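# Chain and residue survey
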Amino acid sequence: MAPDRSGELLDLARRIVDALPADVVADAAVTGSVSRGAADQLSDIEMLLLVDEELPLEACYAHADVAGLEQLDTWGPQEGPTRRVFGYRDGVPVELIWWPRAFGDASVERLLDGDVTGSADAIVHAVPLRTTGVVEAWRARLTPMPAAVVRAVCEDAALMWGGFAPEGYLTIARSGETPSRLEYMVADVVKMVRILYAVNGLWPPTTKRLASRAETLSVKPERFGERVEAALEERDPRRALRDLVQLQVETAALAPDGPNVLRARSWLPRVVALLS
């Protein structure tokens, strides 16, 4: 990783925040790789901006323009209270997420109720650049992940690990099924990541930089990130599926007991045996 690059982008983020009106943007925090000190030359700047009331997209564009962002655009759903503005500042891609304070409060409540999204990981690692203490208060509530949420995340992730014929795996091991096989495998990688972060008391991130981030986990299957990469790159379909399902077996063994997890522990070894 490149801590110097993270510092450079953090300084640029501060200049952007300084140009935003304090009476509009009450709190601003950097998220993503910059907030974790893991940015490199390909990284962008991601920021969470809190406002008192929902802003129209045009107003967000106007503020971003004043802050020096160019080539403005938006992405994702445009209904609802969230506004998303993309642009470049000094050649660096910048993503601004605008949240009304009330929406942020409600989002944290949903996270604590078990509706887990990537927002939790972003909030927990956020670096406030302008603050009234809101983001810090959210982080305190989310750290560590509550035990009830850990169980809910693991049960949800293990939901589809059983309950159908193991022979179903043979249908995606056939020649010509690469798209469906990879789709299924990647979905299972995401489920394993959710379980492993949960059992470590952490909110799950995206799969970016998976190998290096997984290395920091105390509880995990041996060489988890390396084995995920190897399975996804394996050219032999059966071997690829077998190796990934074996990793699922080891992951399920680390999860707290629950109906779906217990079923997975008995069902996944049957898949491994079939593919072997």
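Nothing here was measured: the structure is a model prediction, and the numbers come from that model.

### Description of the overall build of the protein chain
Secondary structure summary: the protein chain contains 13 helices and six strands in total. With 276 residues in all, the protein chain has 44% of them scored as buried. Counted over contacts in the protein chain with a minimum sequence separation of 6, partners at least 24 positions apart contribute 65%. As presented, the protein chain carries roughly 13,100 Å² of accessible surface, and 53% of it is formed by carbon and sulfur atoms. For the protein chain, the separation between the mean place of its 30 positive charges and that of its 41 negative charges on side chains is 6 Å.

### Details of the packing of helix α9 (residues 178-199) against helix α12 (residues 237-252)
Remark: α9 packs on α12, axes separated minimally by 10 Å, with the N-to-C direction vectors making an angle of 15 degrees. Classed by the angle they form, the pair α9 and α12 counts as roughly parallel. The chirality of how α9 crosses α12 is left-handed. Contacts between α9 and α12 involve Arg181, Met185, Asp188, Val189, Met192, Ile195 and Leu196 from the first element and Pro237, Ala240, Leu241, Leu244, Leu247, Gln248 and Thr251 from the second. The class makeup of the residues in the contact of α9 with α12 is ten nonpolar, two polar and two charged.

### Notes on the sheet that holds strand β6 (residues 127-130)
Spatially, the six strands line up as an open sheet ordered β3-β4-β5-β2-β1-β6, and their pairing is mixed. Two strands in the sheet have a free side with no partner beyond their single neighbour: β3 (70-73) and β6. Here the strands of the sheet are splayed against their neighbours by 25 degrees on average, with no regard to which way each runs. Two elements, strand β1 (residues 25-31) and β6, share three bridges in a ladder whose sense is antiparallel. By the bridge assignment, Ala29 is partnered in β6 with Pro128. Those strands touched by helix α3 (residues 57-66) are β3, β4 (83-89) and β5 (92-100), and its axis lies near 25 degrees from that of β4.

### Things to note about the packing of helix α7 (residues 147-157) against α9
Relative to each other, α7 and α9 sit at 160 degrees, their axes nearing to 9 Å. On the basis of the axis angle, α7 is roughly antiparallel to α9. As for how α7 packs across α9, the hand of that crossing is left-handed. The segment α7 lies against α9, with Val150, Val153, Cys154, Asp156 and Ala157 engaging Lys191, Arg194, Ile195, Ala198 and Val199. When the residues that make up the contact of α7 with α9 are grouped by side-chain class, the tally is seven nonpolar, no polar and three charged.

### Topic: helix α13 (residues 259-275)
Counted at 1.5 Å a residue, the expected span for α13 with its 17 residues is 24 Å, and the 25 Å between its end C-alpha atoms agrees. Most pronounced at Arg265, the bend in α13 amounts to some 30 degrees, and the proline Pro269 follows within four residues. Taken residue by residue, α13 has Asn260, Val261, Ala264, Trp267, Leu268, Val271, Val272 and Leu275 as its buried positions.

### Things to note about the packing of aromatic side chains
Applying the stated criterion to the full structure yields six aromatic pairs. Ring geometry for Phe86 and Tyr88: centres 5.1 Å apart, planes at 80 degrees, overall edge-to-face. Ring pairs connect the aromatic residues Phe164, Tyr169, Tyr184 and Trp267, which therefore count as one cluster.

### Some points on the pattern of salt bridges
Pairing between side chains of opposite charge can happen when their charged atoms approach one another. Counted according to the given criterion, the structure contains 17 salt bridges. Across the salt bridge formed by Glu54 and Arg83, the nearest N and O atoms sit 2.8 Å from each other. Of this pair, Glu54 sits in the loop between β2 (45-51) and α3 while Arg83 sits in strand β4, and the two are 29 residues apart along the sequence. Residue classification places Glu54 among the partly exposed positions, given a relative accessible area of 43%. Between Arg223 and Glu226 there is a salt bridge, and its shortest N-O distance comes to 3.3 Å. Arg223 gets classed as partly exposed once you look at its relative accessible area, which sits at 42%. The network of salt bridges with shared partners includes Arg15, Arg89 and Asp90.

Cut-offs used in this document
- Numbering of residues starts from 1 in each chain and follows the order in which that chain's sequence is written.
- The predicted origin of the model limits local features to residues at a pLDDT of at least 70 and limits the giving and counting of side-chain atom pairs to 80 or more, whereas totals for whole chains, interfaces and linings rest on all residues.
- Excluded from the side-chain calculation are hydrogens and water; included are all heavy atoms of the structure.
- Where helices and strands are cited, they refer to DSSP runs of H or I of at least four residues and of E of at least two residues respectively, numbered from the N terminus.
- Burial classes follow relative accessibility: with a 1.4 Å probe on protein chains only, a residue under 20% of its type's maximum area counts as buried, one over 50% as exposed, and anything between as partly exposed.
- Note on definitions: a residue-residue contact is assigned when non-hydrogen atoms from the two residues lie within 4.5 Å.
- For the accessible areas, the method is Shrake-Rupley and the probe is 1.4 Å, while residue cover comes only from the protein chains on display.
- Charge counting treats Lys and Arg as positive and Asp and Glu as negative, with His and both chain ends excluded.
- To locate a charge, take NZ of a lysine, CZ of an arginine, CG of an aspartate or CD of a glutamate.
- Axis geometry follows a simple rule: fit a line to the C-alpha atoms, using only the stretch in contact for helices, then measure angles between N-to-C directions, giving values from 0 to 180 degrees.
- Reported orientations rely on four angle classes, namely roughly parallel under 35 degrees, roughly antiparallel over 145, roughly perpendicular from 65 to 115, and oblique for the rest.
- Crossings are sorted by hand: turned counterclockwise from the far helix by less than a right angle, the near helix makes the crossing left-handed, and turned clockwise it makes it right-handed.
- Throughout this entry, Asp, Glu, Lys and Arg are counted as charged residues, while Ala, Val, Leu, Ile, Met, Phe, Trp, Tyr, Cys and Pro are counted as nonpolar. The remaining residues, Gly among them, count as polar.
- Whether two strands pair depends on DSSP finding at least two bridges between them.
- How far a helix is expected to stretch is found by multiplying one less than its residue total by 1.5 Å.
- Across the chain, bend at a residue is computed as the angle between axes fitted to the seven residues ending at that point and the seven starting from it.
- Aromatic rings from Phe, Tyr and Trp, with only the six-membered ring used for Trp, were paired whenever their centres fell within 6.5 Å, and each pair was classed as stacked if the ring planes differed by under 30 degrees, edge-to-face if by over 60, and tilted otherwise.
- Salt bridges are counted wherever a side-chain nitrogen of Lys or Arg sits within 4 Å of a carboxyl oxygen of Asp or Glu.

Fair warning: the whole summary comes from geometry, so function is off the table for now.
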